[in-house]
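Notes for the structure review
Single-letter residue listing:
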Amino acid sequence: MAAVAGLVVAAPAIAEARDQIRIVGSSTVFPFSTAVAENFGRSSDFKTPVVESTGSGGGMKLFCSGVGTQHPDITNSSRRIKESEFSKCTEKGITITEVKIGFDGIVLANSKTHAPFALTKKQIFLALAKEIPVDGKLVANPNRLWSDIDLSLPAERIEVLGPPPTSGTRDAFVELVMESAAKQFPEIKALDKAAFKAAAHSVREDGAFVEAGENDNLIVQKLEANPNALGIFGFSFLDQNADKLQGATVGGVAPEFENIASGDYGISRSLYFYVKQQHVGTIPGIKEFVAEFTSDKAWGDEGYLTEKGLIPLPEDDRKAMMKSANGMSPLSM
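Residues numbered from 1 in each chain as written. Predicted model: local features only at pLDDT ≥ 70, side-chain atom pairs only at ≥ 80, totals over all residues. Heavy atoms only, no water.

As recorded in an unreviewed UniProt entry, the protein chain goes by the name PstS family phosphate ABC transporter substrate-binding protein, listed as coming from Pelagibius litoralis.

**Here's the deal with the environment of Phe40**
Its place among the elements puts Phe40 in helix H1 (residues 30–43). Taking the C-alpha atoms as reference points, Phe40 and Phe293, separated by 253 residues in sequence, lie 8.7 Å from one another. In this structure, Phe40 is in contact with Ile21, Phe46, Lys47, Pro49, Gly285, Glu288, Phe289 and Glu292, ignoring residues within four places of it in sequence. (Helix = DSSP H or I, 4+ residues; strand = E, 2+ residues; numbered from the N terminus. Contact = heavy atoms within 4.5 Å.)

**Describing the confidence of the model for the protein chain**
Of the residues in the protein chain, 95% reach a pLDDT of 70 or more, and the chain-wide mean stands at 92. Note on residues 6–15: pLDDT is under 50 here. Beyond four places in sequence and across chains, it has 13 contacts. (pLDDT = per-residue confidence, 0-100.)

**Notes on the layout of surface pockets**
Space inside the largest pocket adds up to approximately 500 Å³. Surrounding the largest pocket, 16 residues form its lining, Lys82, Asp171, Ala172, Glu175 and His201 being those nearest its centre. Those elements that provide at least two residues to the lining of the largest pocket are helix H6 (168–182), helix H8 (193–201) and strand S14 (268–276). With 7 residues, H6 is the largest single contributor of residues to the lining of the largest pocket. Residue composition of the lining of the largest pocket, grouped by class: 4 nonpolar, 3 polar and 9 charged. Together, 16 residues line the second largest pocket, and Phe30, Pro31, Thr34, Asn217 and Phe237 are the ones closest to its centre. Contributing elements (two or more residues each) for the lining of the second largest pocket: H1, helix H9 (216–225) and helix H10 (235–240). (1 Å grid on protein atoms, 1.4 Å probe; cavity = no way out; pocket = protein on both sides within 12 Å on 5 of 7 lines; lining within 4 Å. Points joined across faces, edges and corners; volume = space filled by probe spheres on them. Nonpolar A, V, L, I, M, F, W, Y, C, P; charged D, E, K, R; others polar.)

**Some points on the pattern of salt bridges**
Taken as a whole and judged by the stated rule, the model has 18 salt bridges. Note that Asp73 is salt-bridged to Arg18, the shortest N-O span being 2.7 Å. With Asp73 in the loop between helix H2 (56–63) and strand S4 (74–77) and Arg18 in the loop between strand S1 (4–5) and strand S2 (22–25), this pair connects stretches of sequence that are 55 residues apart. Residues joined by salt bridges that share partners form a network here, namely Arg79, Lys82, Glu85 and Asp171. (Salt bridge = Lys/Arg side-chain N within 4 Å of Asp/Glu carboxyl O.)

**Brief notes about H8**
Three or more residues of H8 are buried, namely Phe196, Ala199 and Ala200. The buried residues of H8 occupy an angular sector of 95° when projected down its axis, which confines them to one face. Residues of H8 that are exposed and angled more than 90 degrees away from the buried face: Ala194 and Lys197. Looking at the packing, one finds that the buried side of H8 touches helix H4 (121–128), strand S8 (137–140), H6 and helix H7 (186–189). Put simply, Asp192 is the residue that caps the front of H8, since its side-chain oxygen is 3.2 Å from the backbone nitrogen of Ala194. (Buried < 20%, exposed > 50% of the residue type's maximum accessible area, 1.4 Å probe, protein only. Arc of directions from axis to C-beta. Polar contact = N/O pair within 3.5 Å; in protein donor to acceptor, adjacent residues only side chain to side chain.)

**Here we look at the packing of H1 against helix H12 (residues 286–293)**
Viewed as axis vectors pointing N to C, H1 and H12 meet at an angle of 115°, and their least axial separation amounts to 10 Å. Where H1 crosses over H12, the handedness of that crossing is right-handed. In this structure, H1 contributes Phe32, Ser33, Val36, Ala37, Asn39, Phe40 and Ser43 to the contact, and H12 contributes Glu288, Phe289, Glu292 and Phe293. Split by residue class, the contact of H1 with H12 holds 6 nonpolar, 3 polar and 2 charged. (Axes fitted to C-alpha atoms, helices over the stretch in contact; angles between N-to-C directions. Left-handed = near helix turned anticlockwise from the far one by under 90°.)

**Some thoughts on the nonpolar core**
Leu119, Phe125, Leu128, Trp146, Phe173 and Phe233 are the most contacted members of the largest nonpolar core, which has 51 residues in total. Among the elements that line this core, the one with the most residues is H6, at 6 residues. When sequence neighbours within four positions are dropped, the list of residues in contact with Phe125 reads Glu131, Ile132, Asn141, Met178, Ala181, Ala182, Phe185, Ile188, Ala199 and Ala200. Listed in part, the 30 residues of the second largest apolar core include Ile23, Phe32, Ile101 and Ile286. (Core = buried A, V, L, I, M, F, W, Y, C linked by side-chain atoms within 4.5 Å.)

If you want it as structure tokens, here you go:
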């Protein structure tokens, strides 16, 4: 069930007014958006926005479905909007303002009651890809134990809990880990574009990878219950559960705030939210909410979002993005 901050209201008819901002989208951006919504509700004369965790893809689908009070005003995303999504929005008469809010790392984490993992992208691919090269041919992934991949890894069943295809975290993980690792195999790198994408993006379906839904908190609970499993989610959830979970090193680099900010950690991505310009001035408080989100007290180096695990943009980038966001600059692709 999707997590919701604020009050849930029934979807009104298009002709009815709505006095509360509605936000959908990424489960990774959800804690940051929720924190801003709660601060905004306390410190302004506007109602606390409704924030719903639907996944980046699900949020974009809802956001781009039309203009009117039955449609969301803002969507959060743990990846940049796709050209196909932008086209759907444009076809519906929607003009978008894009706001990049900072960075996040994707982690593979496990319970602190288990020994920590030290992995490489290539090892992760060999654990999770649907097909892998064996003797020059792509075959169904035969690896059942981590030690089947490398004897330095534990002789335990591969079990990784991760997000579904609608998730921006899944999109980013596939691009930053699976695609990157696939290029290290000559047999896969030599494939044509479509075949390479199929090989790099296809995750095994035999129980080694378990789709755990859009609720990252649920993955955390499952990892506590199963110390042999690993989970894939954003750094912010690891940061908030550091008493229970530990992140695997990837390529010898730990998923820590400084390593993600510097770019040394190899699985990091940008986080966004998107504003529907047609709703500005119709739904009260949208401009003021954007101003709160892009204020130094929220997303700055010492802002309250860093306490939630957000890795801030460099100062000059923040200033430029704040100007663009508050000026409601239209996105073009």
